[in-house]
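Examination of the molecular architecture
The primary structure of each chain is shown beneath.
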Amino acid sequence: MKPLEDPRGKYPKPPFERQFQPFPGLAHKMNPVPDHGEETYVGTVRLKGRKALITGGDSGIGRAAAIAYAREGADVVINFLPEEQSDADQVLELIEKAGQKGFGIPGDLRDESFCKELVEQAVKKLGGLDILINNAGHQKTNESILDISTEAFDRTMKTNIYAPFWIIKAALPHLKPGSSIIGLSSVQAYDPSEDLYDYAQTKAATTSYVKSLAKQLGPKGIRVNGVAPGPVWTALEISGGQTQENIEVFGEDTAFGRPGQPAELASIFVQLADNTGSFATGQIYGSAGGSGQP
Ligand code: NAD
Ligand code: MG
(Lines give C-alpha, C1' and ligand atoms only; values in the text may rest on other atoms or scores of the structure.)
(Ligands and ions follow the chains in the order given, each with its own letter.)
Protein backbone atom coordinates (compact mmCIF):
# COMPACT_ATOMS: atom_id res chain seq x y z
CA MET A 1 0.00 0.00 0.00
CA LYS A 2 1.14 3.50 -0.78
CA PRO A 3 0.92 5.88 2.17
CA LEU A 4 -0.96 9.12 1.55
CA GLU A 5 1.31 12.11 1.04
CA ASP A 6 0.25 15.47 2.44
CA PRO A 7 1.01 18.02 -0.33
CA ARG A 8 1.48 20.79 2.22
CA GLY A 9 4.54 19.38 3.93
CA LYS A 10 5.93 17.31 1.09
CA TYR A 11 8.51 19.85 -0.07
CA PRO A 12 10.49 22.87 1.18
CA LYS A 13 8.58 26.03 2.02
CA PRO A 14 9.69 29.66 2.00
CA PRO A 15 11.56 31.54 3.29
CA PHE A 16 14.31 30.49 0.87
CA GLU A 17 17.86 31.75 0.98
CA ARG A 18 18.45 34.52 -1.55
CA GLN A 19 20.59 33.08 -4.35
CA PHE A 20 21.62 34.19 -7.78
CA GLN A 21 23.39 32.32 -10.55
CA PRO A 22 24.22 33.85 -13.92
CA PHE A 23 21.85 32.64 -16.69
CA PRO A 24 21.13 29.80 -17.40
CA GLY A 25 21.99 28.56 -13.87
CA LEU A 26 22.64 25.02 -12.70
CA ALA A 27 20.04 22.96 -10.83
CA HIS A 28 22.61 21.01 -8.83
CA LYS A 29 23.98 24.26 -7.36
CA MET A 30 20.62 25.47 -6.03
CA ASN A 31 19.72 25.47 -2.35
CA PRO A 32 17.65 23.40 -1.84
CA VAL A 33 18.42 21.26 -4.90
CA PRO A 34 15.11 20.76 -6.79
CA ASP A 35 13.46 17.36 -6.83
CA HIS A 36 13.21 16.11 -10.41
CA GLY A 37 12.08 12.64 -9.34
CA GLU A 38 15.59 11.21 -9.16
CA GLU A 39 14.77 9.14 -6.07
CA THR A 40 11.01 8.98 -6.38
CA TYR A 41 9.62 8.55 -9.89
CA VAL A 42 8.60 4.93 -10.44
CA GLY A 43 7.78 4.05 -14.04
CA THR A 44 5.91 1.17 -15.57
CA VAL A 45 5.94 0.72 -19.33
CA ARG A 46 3.63 3.51 -20.38
CA LEU A 47 6.01 4.84 -23.03
CA LYS A 48 7.78 1.62 -23.99
CA GLY A 49 9.62 2.08 -27.27
CA ARG A 50 8.83 5.79 -27.61
CA LYS A 51 11.45 8.23 -28.91
CA ALA A 52 11.43 11.67 -27.31
CA LEU A 53 13.20 14.99 -27.85
CA ILE A 54 13.09 17.36 -24.88
CA THR A 55 14.60 20.84 -25.12
CA GLY A 56 15.95 22.17 -21.83
CA GLY A 57 16.04 18.58 -20.56
CA ASP A 58 19.09 19.22 -18.38
CA SER A 59 17.24 20.83 -15.47
CA GLY A 60 13.90 21.75 -13.99
CA ILE A 61 10.64 20.65 -15.57
CA GLY A 62 12.32 19.22 -18.70
CA ARG A 63 14.65 17.13 -16.57
CA ALA A 64 11.73 15.73 -14.56
CA ALA A 65 10.01 14.79 -17.84
CA ALA A 66 13.23 13.19 -19.15
CA ILE A 67 13.65 11.03 -16.04
CA ALA A 68 10.00 9.97 -16.07
CA TYR A 69 10.06 9.21 -19.80
CA ALA A 70 13.14 7.00 -19.45
CA ARG A 71 11.58 5.13 -16.53
CA GLU A 72 8.46 4.63 -18.64
CA GLY A 73 10.58 2.98 -21.33
CA ALA A 74 11.35 5.81 -23.77
CA ASP A 75 14.70 6.72 -25.31
CA VAL A 76 15.40 10.40 -24.88
CA VAL A 77 17.44 13.16 -26.51
CA ILE A 78 17.91 16.26 -24.39
CA ASN A 79 19.04 19.64 -25.65
CA PHE A 80 20.62 22.28 -23.40
CA LEU A 81 23.12 25.13 -23.51
CA PRO A 82 26.84 24.21 -23.44
CA GLU A 83 27.18 25.85 -19.98
CA GLU A 84 24.71 23.27 -18.64
CA GLN A 85 26.72 20.17 -19.55
CA SER A 86 27.20 19.20 -15.86
CA ASP A 87 23.43 19.19 -15.23
CA ALA A 88 22.88 17.33 -18.51
CA ASP A 89 25.43 14.64 -17.61
CA GLN A 90 23.45 13.80 -14.47
CA VAL A 91 20.26 13.37 -16.51
CA LEU A 92 21.96 11.23 -19.17
CA GLU A 93 23.34 8.98 -16.44
CA LEU A 94 19.84 8.54 -14.97
CA ILE A 95 18.38 7.71 -18.40
CA GLU A 96 21.03 5.03 -18.90
CA LYS A 97 20.41 3.71 -15.39
CA ALA A 98 16.75 3.30 -16.33
CA GLY A 99 17.92 0.98 -19.10
CA GLN A 100 17.17 3.43 -21.93
CA LYS A 101 19.25 5.30 -24.45
CA GLY A 102 19.98 8.92 -23.59
CA PHE A 103 21.72 11.44 -25.83
CA GLY A 104 22.73 15.02 -25.15
CA ILE A 105 22.88 17.59 -27.94
CA PRO A 106 24.09 20.98 -26.67
CA GLY A 107 23.38 24.13 -28.64
CA ASP A 108 21.61 27.48 -28.73
CA LEU A 109 17.99 27.31 -29.91
CA ARG A 110 18.00 30.97 -30.99
CA ASP A 111 19.72 29.78 -34.13
CA GLU A 112 17.36 28.44 -36.81
CA SER A 113 19.96 26.23 -38.44
CA PHE A 114 20.83 24.68 -35.08
CA CYS A 115 17.13 23.89 -34.44
CA LYS A 116 16.95 22.03 -37.75
CA GLU A 117 20.21 20.25 -37.03
CA LEU A 118 18.99 19.28 -33.54
CA VAL A 119 15.92 17.54 -34.94
CA GLU A 120 17.89 15.76 -37.66
CA GLN A 121 20.49 14.59 -35.13
CA ALA A 122 17.80 13.47 -32.69
CA VAL A 123 15.99 11.48 -35.38
CA LYS A 124 19.25 9.83 -36.39
CA LYS A 125 20.24 8.93 -32.82
CA LEU A 126 16.79 7.68 -31.80
CA GLY A 127 15.90 6.03 -35.10
CA GLY A 128 12.78 8.20 -35.40
CA LEU A 129 10.79 10.64 -33.30
CA ASP A 130 7.34 10.48 -31.73
CA ILE A 131 7.35 12.84 -28.76
CA LEU A 132 8.56 16.45 -28.86
CA ILE A 133 8.57 18.63 -25.75
CA ASN A 134 9.35 22.27 -26.50
CA ASN A 135 10.31 23.02 -22.93
CA ALA A 136 13.34 25.35 -23.14
CA GLY A 137 12.49 28.87 -22.11
CA HIS A 138 13.97 32.18 -21.10
CA GLN A 139 12.55 34.41 -18.37
CA LYS A 140 14.08 37.62 -17.03
CA THR A 141 12.34 40.11 -14.79
CA ASN A 142 12.41 43.80 -15.68
CA GLU A 143 10.75 46.39 -13.49
CA SER A 144 9.96 48.59 -16.49
CA ILE A 145 9.40 48.05 -20.20
CA LEU A 146 12.02 50.80 -20.57
CA ASP A 147 14.63 48.43 -19.12
CA ILE A 148 14.12 45.84 -21.86
CA SER A 149 16.59 46.27 -24.71
CA THR A 150 15.76 45.04 -28.18
CA GLU A 151 18.45 42.41 -27.71
CA ALA A 152 16.90 41.14 -24.47
CA PHE A 153 13.41 41.15 -25.99
CA ASP A 154 14.79 39.23 -28.93
CA ARG A 155 16.34 36.57 -26.67
CA THR A 156 13.00 35.92 -25.02
CA MET A 157 11.12 35.78 -28.34
CA LYS A 158 13.72 33.64 -30.12
CA THR A 159 13.96 31.11 -27.29
CA ASN A 160 10.28 30.88 -26.40
CA ILE A 161 8.50 31.41 -29.72
CA TYR A 162 10.83 31.05 -32.71
CA ALA A 163 12.62 27.90 -31.49
CA PRO A 164 9.41 25.85 -31.09
CA PHE A 165 8.31 27.11 -34.53
CA TRP A 166 11.57 26.01 -36.16
CA ILE A 167 11.74 22.73 -34.25
CA ILE A 168 8.14 21.73 -34.96
CA LYS A 169 8.61 22.45 -38.68
CA ALA A 170 11.71 20.25 -38.76
CA ALA A 171 10.07 17.50 -36.68
CA LEU A 172 6.73 17.29 -38.45
CA PRO A 173 7.85 15.17 -41.44
CA HIS A 174 9.05 12.54 -38.94
CA LEU A 175 5.95 12.42 -36.71
CA LYS A 176 3.56 9.55 -37.34
CA PRO A 177 -0.07 9.36 -36.24
CA GLY A 178 -0.11 8.83 -32.46
CA SER A 179 2.80 11.23 -31.90
CA SER A 180 2.62 14.08 -29.40
CA ILE A 181 3.88 17.63 -29.30
CA ILE A 182 3.91 19.37 -25.92
CA GLY A 183 4.52 23.09 -25.32
CA LEU A 184 5.30 24.92 -22.09
CA SER A 185 2.85 27.65 -21.26
CA SER A 186 2.51 29.23 -17.80
CA VAL A 187 0.16 30.94 -15.40
CA GLN A 188 1.78 34.02 -16.96
CA ALA A 189 -0.30 33.42 -20.09
CA TYR A 190 -3.46 34.23 -18.14
CA ASP A 191 -2.40 36.57 -15.35
CA PRO A 192 0.86 38.24 -16.35
CA SER A 193 3.13 39.80 -13.71
CA GLU A 194 4.02 43.46 -14.14
CA ASP A 195 7.73 42.65 -14.37
CA LEU A 196 7.48 39.88 -16.99
CA TYR A 197 6.21 41.98 -19.92
CA ASP A 198 8.11 40.07 -22.60
CA TYR A 199 8.05 36.57 -21.10
CA ALA A 200 4.32 36.65 -20.34
CA GLN A 201 3.38 37.34 -23.94
CA THR A 202 5.48 34.40 -25.15
CA LYS A 203 3.49 32.11 -22.86
CA ALA A 204 0.19 33.47 -24.19
CA ALA A 205 1.62 32.83 -27.68
CA THR A 206 2.46 29.25 -26.66
CA THR A 207 -1.09 28.63 -25.47
CA SER A 208 -2.28 29.94 -28.82
CA TYR A 209 0.10 27.92 -30.97
CA VAL A 210 -0.85 24.74 -29.08
CA LYS A 211 -4.53 25.31 -29.75
CA SER A 212 -4.03 26.29 -33.39
CA LEU A 213 -1.70 23.41 -34.17
CA ALA A 214 -3.95 20.90 -32.42
CA LYS A 215 -6.71 21.78 -34.91
CA GLN A 216 -4.28 21.68 -37.84
CA LEU A 217 -2.63 18.37 -36.89
CA GLY A 218 -5.61 16.53 -35.40
CA PRO A 219 -6.66 15.30 -38.86
CA LYS A 220 -3.14 13.88 -39.22
CA GLY A 221 -3.43 12.01 -35.91
CA ILE A 222 -0.86 14.13 -34.09
CA ARG A 223 -1.83 15.53 -30.70
CA VAL A 224 -0.63 18.92 -29.44
CA ASN A 225 -1.03 19.98 -25.81
CA GLY A 226 0.46 22.41 -23.33
CA VAL A 227 1.43 22.44 -19.69
CA ALA A 228 0.91 25.61 -17.64
CA PRO A 229 2.90 25.49 -14.41
CA GLY A 230 2.67 27.94 -11.54
CA PRO A 231 5.73 28.69 -9.42
CA VAL A 232 8.16 25.76 -9.70
CA TRP A 233 11.56 25.67 -8.00
CA THR A 234 14.02 25.68 -10.93
CA ALA A 235 17.23 27.29 -12.18
CA LEU A 236 15.23 29.64 -14.42
CA GLU A 237 13.90 31.38 -11.30
CA ILE A 238 17.24 31.94 -9.54
CA SER A 239 19.10 33.05 -12.70
CA GLY A 240 17.12 36.24 -13.29
CA GLY A 241 13.58 34.87 -13.62
CA GLN A 242 12.57 36.36 -10.26
CA THR A 243 13.79 39.23 -8.14
CA GLN A 244 15.76 38.21 -5.05
CA GLU A 245 12.89 39.50 -2.87
CA ASN A 246 10.57 37.06 -4.68
CA ILE A 247 12.99 34.15 -4.34
CA GLU A 248 12.80 34.53 -0.57
CA VAL A 249 8.99 34.08 -0.58
CA PHE A 250 8.75 31.98 -3.76
CA GLY A 251 5.51 29.97 -3.85
CA GLU A 252 4.22 31.43 -0.58
CA ASP A 253 0.94 32.53 -2.19
CA THR A 254 -0.10 29.05 -3.43
CA ALA A 255 -2.72 26.99 -1.59
CA PHE A 256 0.07 24.89 -0.05
CA GLY A 257 2.27 27.83 0.85
CA ARG A 258 5.20 26.50 -1.15
CA PRO A 259 6.47 26.27 -4.75
CA GLY A 260 6.01 23.14 -6.82
CA GLN A 261 8.93 20.86 -7.53
CA PRO A 262 9.64 19.67 -11.10
CA ALA A 263 8.90 16.08 -10.04
CA GLU A 264 5.31 17.04 -9.27
CA LEU A 265 4.67 17.79 -12.96
CA ALA A 266 6.36 14.75 -14.52
CA SER A 267 3.27 12.54 -14.68
CA ILE A 268 1.43 15.18 -16.75
CA PHE A 269 4.02 14.84 -19.52
CA VAL A 270 3.71 11.06 -19.38
CA GLN A 271 -0.07 11.22 -19.62
CA LEU A 272 0.03 13.66 -22.54
CA ALA A 273 2.34 11.41 -24.58
CA ASP A 274 0.77 8.09 -23.61
CA ASN A 275 -1.68 6.24 -25.89
CA THR A 276 -4.23 6.37 -23.06
CA GLY A 277 -4.38 10.17 -23.43
CA SER A 278 -5.59 9.82 -27.01
CA PHE A 279 -8.57 12.22 -26.79
CA ALA A 280 -6.50 15.06 -25.33
CA THR A 281 -5.44 17.62 -27.90
CA GLY A 282 -5.43 21.40 -27.84
CA GLN A 283 -5.59 21.23 -24.04
CA ILE A 284 -3.57 23.20 -21.51
CA TYR A 285 -2.87 21.23 -18.34
CA GLY A 286 -2.40 23.42 -15.31
CA SER A 287 -0.27 22.58 -12.30
CA ALA A 288 -0.03 25.69 -10.21
CA GLY A 289 -0.93 24.84 -6.64
CA GLY A 290 -4.40 26.32 -6.57
CA SER A 291 -4.68 29.10 -9.14
CA GLY A 292 -3.52 29.99 -12.61
CA GLN A 293 -6.20 28.98 -15.12
CA PRO A 294 -8.74 31.46 -16.49
P1 NAD B 1 15.16 25.57 -16.30
O2 NAD B 1 16.06 26.72 -16.30
O3 NAD B 1 15.52 24.41 -15.47
O4 NAD B 1 14.92 25.04 -17.78
C5 NAD B 1 14.89 25.91 -18.89
C6 NAD B 1 15.91 25.41 -19.90
O7 NAD B 1 15.80 26.21 -21.08
C8 NAD B 1 17.35 25.53 -19.47
O9 NAD B 1 17.78 24.38 -18.77
C10 NAD B 1 18.08 25.69 -20.81
O11 NAD B 1 18.67 24.48 -21.19
C12 NAD B 1 16.98 26.03 -21.79
N13 NAD B 1 17.33 27.22 -22.58
C14 NAD B 1 17.14 28.52 -22.28
N15 NAD B 1 17.60 29.29 -23.29
C16 NAD B 1 18.07 28.45 -24.24
C17 NAD B 1 18.66 28.63 -25.52
N18 NAD B 1 18.85 29.85 -26.04
N19 NAD B 1 19.04 27.53 -26.22
C20 NAD B 1 18.86 26.29 -25.71
N21 NAD B 1 18.30 26.06 -24.51
C22 NAD B 1 17.90 27.13 -23.79
O23 NAD B 1 13.72 26.14 -15.88
P24 NAD B 1 12.24 25.53 -15.90
O25 NAD B 1 11.50 26.37 -14.95
O26 NAD B 1 12.24 24.08 -15.75
O27 NAD B 1 11.73 25.94 -17.35
C28 NAD B 1 11.16 25.02 -18.27
C29 NAD B 1 9.94 25.64 -18.94
O30 NAD B 1 8.92 25.80 -17.97
C31 NAD B 1 10.18 27.01 -19.55
O32 NAD B 1 9.55 27.09 -20.81
C33 NAD B 1 9.47 27.94 -18.57
O34 NAD B 1 9.03 29.11 -19.21
C35 NAD B 1 8.34 27.07 -18.12
N36 NAD B 1 7.71 27.49 -16.85
C37 NAD B 1 8.42 27.47 -15.69
C38 NAD B 1 7.81 27.88 -14.51
C39 NAD B 1 8.54 27.88 -13.19
O40 NAD B 1 7.99 28.40 -12.21
N41 NAD B 1 9.72 27.36 -13.08
C42 NAD B 1 6.47 28.31 -14.53
C43 NAD B 1 5.78 28.31 -15.73
C44 NAD B 1 6.41 27.90 -16.88
MG1 MG C 1 19.21 24.21 -17.19
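See the structure above.
Attention in this report is confined to the structure presented alongside it. (Residues numbered from 1 in each chain as written. Chains lettered and ligands numbered in written order. Predicted model: local features only at pLDDT ≥ 70, side-chain atom pairs only at ≥ 80, totals over all residues. Heavy atoms only, no water.)

1. Some details on the layout of surface pockets
Considering only enclosed or pocket space, the second largest pocket measures out at about 470 Å³ in volume. Contributing to the lining of the second largest pocket are K2, P3, E5, K10, Y11, D35, T40, Y41, V42, A263, E264 and S267. In the lining of the second largest pocket, the residues fall into five nonpolar, two polar and five charged. (1 Å grid on protein atoms, 1.4 Å probe; cavity = no way out; pocket = protein on both sides within 12 Å on 5 of 7 lines; lining within 4 Å. Points joined across faces, edges and corners; volume = space filled by probe spheres on them. Nonpolar A, V, L, I, M, F, W, Y, C, P; charged D, E, K, R; others polar.)

2. Focus on the environment of L94
Its location among the elements puts L94 in helix α2 (residues 85-97). Overall, the relative accessible area of 17% leaves L94 in the buried class. The spatial distance from the C-alpha of L94 to the C-alpha of A171 is 25 Å, given a sequence separation of 77 residues. If sequence neighbours within four positions are ignored, L94 has contacts with E38, I67 and R71. (Helix = DSSP H or I, 4+ residues; strand = E, 2+ residues; numbered from the N terminus. Buried < 20%, exposed > 50% of the residue type's maximum accessible area, 1.4 Å probe, protein only. Contact = heavy atoms within 4.5 Å.)

3. Considerations on the site of ligand 1
Every one of the 31 residues lining ligand 1 counts as a neighbour, but S59, E84, Y199, T234 and E237 are closest to it. At 2.8 Å from an oxygen atom of ligand 1 is found a main-chain nitrogen or oxygen belonging to N135. Residue V232 places a main-chain N or O atom 2.8 Å away from an oxygen atom belonging to ligand 1. Put simply, the parts of the chain that give the shell around ligand 1 at least two residues each are α1 (60-71), β2 (75-80), α5 (197-217) and α6 (235-241). Tallying contributions element by element places α6 first for the shell around ligand 1, with three residues. Split by residue class, the shell around ligand 1 holds 13 nonpolar, twelve polar and six charged. (Near = heavy atom within 4 Å. Polar contact = N/O pair within 3.5 Å; in protein donor to acceptor, adjacent residues only side chain to side chain.)

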